[in-house]
Amino acid sequence: MTHPQQLSSTRHVVRMWVPGVMAGLAVVAAMIAVYLLVPTPKDDDRPWSVLITIVVVLLVYSAAAVWALVRINQSPHPMRTGFVLLSVMITAMVVIFALTYLSLSASDPGNFNVPLTKVSALYFTMTILATVGFGDIVATSEAGQIAVMLQMVVGLTLLTALARVIVAAARSATQRKMGHQGLVD
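Residues numbered from 1 in each chain as written. Predicted model: local features only at pLDDT ≥ 70, side-chain atom pairs only at ≥ 80, totals over all residues. Heavy atoms only, no water.

Things to note about helix H5 (residues 118-129)
In a regular helix each residue adds 1.5 Å, so 12 residues correspond to 16 Å; H5 covers 17 Å between its end C-alpha atoms and thus fits that length. Here H5 has its buried residues at Lys118, Ser120, Ala121, Leu122, Phe124, Thr125, Thr127 and Ile128. Trailing H5 by a residue or two, Thr131 shows a phi angle of about 55 degrees, which is positive. (Helix = DSSP H or I, 4+ residues; strand = E, 2+ residues; numbered from the N terminus. Expected span 1.5 Å × (residues − 1). Buried < 20%, exposed > 50% of the residue type's maximum accessible area, 1.4 Å probe, protein only.)

What follows is the structure, encoded as structure tokens:
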């Protein structure tokens, strides 16, 4: 059995958290890299094909959220797994909305006050997520404003709910493991 002093030692924390955090950072970096490497939507792309792509990505995102909950319950370190999965899910949401804004700008540059590049679409997404809204990039059309409002709702509700569910699942799994092993994650 592990002694309580060993559980709170720096070595224990490093051994338990660093590999998972590094893996999470690698996945987040890979998601951003894929976003930067996919071809930029063109103005002649069919709007429905862009919409279908976004819907497919949202379905994959939803399936990943369900998978994350299952993974947390099976993980030997549920708290670590929960926090890593939450960061990956937030990154996925950011990439989805950045692609949405990029597609809107490509289909009609008048959807925003400036034409968006991949970096500026990502920047715009982050300013909305952080509720900063500097005003240097603004949705000027109804389609752009609807997308921004949708991100606001998703950012405030879905991410909050997802964070609560993941943290609750991680706590529950940790408590079960503590009961069975007498150990803390």
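So much for the structure itself; the text now carries on.
Here's the deal with the side chain of Thr127
As for its placement among the helices and strands, Thr127 is situated in helix H5. Dropping the residues within four chain positions of it, Thr127 is found in contact with Val132, Gly133 and Phe134. (Contact = heavy atoms within 4.5 Å.)

Section: the packing of helix H4 (residues 78-107) against H5
The contact between H4 and H5 brings their axes to 8 Å, and the two run at 125 degrees. Regarding the angle of H4 to H5, the classification is oblique. Crossing of H4 over H5 shows right-handed handedness. Counted together, Ile90, Met93, Val94, Phe97, Ala98, Tyr101 and Leu102 of H4 and Lys118, Ala121, Leu122, Phe124, Thr125, Met126, Ile128 and Leu129 of H5 form the full contact between these two elements. (Axes fitted to C-alpha atoms, helices over the stretch in contact; angles between N-to-C directions. Parallel < 35°, antiparallel > 145°, perpendicular 65-115°, else oblique. Left-handed = near helix turned anticlockwise from the far one by under 90°.)

Considering the nonpolar core
It is characteristic of soluble globular proteins that their nonpolar side chains tend to be buried jointly. Membership of the largest hydrophobic core comes to 35 residues, with the highest contact counts inside it found for Tyr61, Tyr101 and Phe112. Every element with two or more residues in this core is listed here: helix H3 (47-74), H4, H5 and helix H6 (142-181). Looking at this core, the element that brings in the most residues is H4, giving 14 residues. Other than its neighbours up to four places away in sequence, Tyr101 contacts Phe112, Leu116, Ala121, Phe124, Thr125, Ile128, Ala147, Val148 and Gln151. (Core = buried A, V, L, I, M, F, W, Y, C linked by side-chain atoms within 4.5 Å.)

Regarding the layout of surface pockets
In this model, the second largest pocket occupies a volume close to 300 Å³. Contributing to the lining of the second largest pocket are 16 residues, with Met31, Val57, Val60, Ala92 and Val95 lying nearest its centre. Elements that contribute at least two residues to the lining of the second largest pocket include exactly helix H2 (10-37), H3 and H4. Examining the composition of the lining of the second largest pocket, we find that 7 residues originate from one element, H4, more than from any other. (1 Å grid on protein atoms, 1.4 Å probe; cavity = no way out; pocket = protein on both sides within 12 Å on 5 of 7 lines; lining within 4 Å. Points joined across faces, edges and corners; volume = space filled by probe spheres on them.)

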